[in-house]
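Structural characterization, general
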Amino acid sequence: MPRVDFEVTPSSGIQAFWIAVGTDDVTLVNGKGSINLQSGKHTLVWWFVGDEGDSISITGTQGGRTVVQVKQSKVPSGEHEGAGVKKFDVA
């Protein structure tokens, strides 16, 4: 099964974050983690806590090629948490 490497980059105000692919959590150490996936379509899911305007960025690579990227997911106005989903393909 292909391996996808993830890197999560939080802004300074982010207090906690979590990512998963489908229903499988990605274990992160210092914002980095990997997961083995079958070829095909997948869904990246993320959640994070911070103050309004704080953000995280997520990059998933397979063999050095970017397969999914979240450039900046922000905590919405008046909230203290943010979340999102993004579909991607694994070769």
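Our subject is the structure listed above.
Residues numbered from 1 in each chain as written. Predicted model: local features only at pLDDT ≥ 70, side-chain atom pairs only at ≥ 80, totals over all residues. Heavy atoms only, no water.

This brings us to the pairing of strand 4 (residues 32–36). Here strand 4 shows a clear split, with Gly-33 and Ile-35 buried on one side and none of Lys-32, Ser-34 and Asn-36 buried on the other. For strand 1 (residues 3–10) and strand 4, the ladder comprises 5 bridges, and the chain directions are antiparallel. Across the sheet, residue Phe-6 finds its bridge partner in strand 4, namely Gly-33. (Buried < 20%, exposed > 50% of the residue type's maximum accessible area, 1.4 Å probe, protein only. Helix = DSSP H or I, 4+ residues; strand = E, 2+ residues; numbered from the N terminus. Pairing = 2+ DSSP bridges.)

Let us now look at unusual backbone geometry. Positive phi values are uncommon outside glycine, yet Asn-30 reaches one of about 55°. Checked against the element boundaries, Asn-30 lands in the loop between strand 3 (24–25) and strand 4. Looking at Asn-30, the relative accessible area reads 78%, which means it is exposed.

Another aspect to go through is a negative patch on the surface. Residues Asp-51, Glu-52, Glu-79 and Glu-81 make up a contiguous surface patch of negative charge. Tracing the chain through its elements places Asp-51 in the loop between strand 5 (40–49) and strand 6 (55–62). (Patch = residues over 30% accessible without salt bridge, like charges linked within 9 Å, V, L, I, M, F, W, Y side chains within 5 Å. Areas by Shrake-Rupley, 256 points an atom, 1.4 Å probe, with all protein chains shown as cover. Salt bridge = Lys/Arg side-chain N within 4 Å of Asp/Glu carboxyl O. Lys, Arg positive; Asp, Glu negative; His and termini not counted. Charge placed at Lys NZ, Arg CZ, Asp CG, Glu CD.)

All right, on to the sheet that holds strand 5 then. The 4 strands are arranged 3-2-5-8 in an open sheet whose pairing can be described as antiparallel. This sheet does not close on itself; its edge strands, each paired only once, are strand 3 and strand 8 (81–90). As defined by bridge partners, strand 2 (residues 16–21) adjoins strand 3 across 2 bridges and the pair is classed as antiparallel. Across the sheet, residue Ala-20 finds its bridge partner in strand 3, namely Asp-25.

The subject of this paragraph is the environment of Gly-53. Looking at where Gly-53 falls in the secondary structure, it is placed in the loop between strand 5 and strand 6. Here Gly-53 falls in the partly exposed class, since its relative accessible area comes to 39%. Separated by 32 residues in the primary sequence, Gly-53 and Val-21 place their C-alpha atoms 25 Å from one another. Look past the residues within four positions of Gly-53 in its chain and what remains in contact with it is Lys-74 and Val-75. (Contact = heavy atoms within 4.5 Å.)

Our next topic: the pattern of salt bridges. One pass over the full model with this rule turns up 2 salt bridges. The partner of Lys-41 in a salt bridge is Asp-89, and the shortest N-O contact between them spans 3.4 Å. In this pair, Lys-41 sits in strand 5 while Asp-89 sits in strand 8, placing the two residues 48 residues apart along the sequence. Accessibility expressed as a relative area gives 71% for Lys-41, which makes it exposed.

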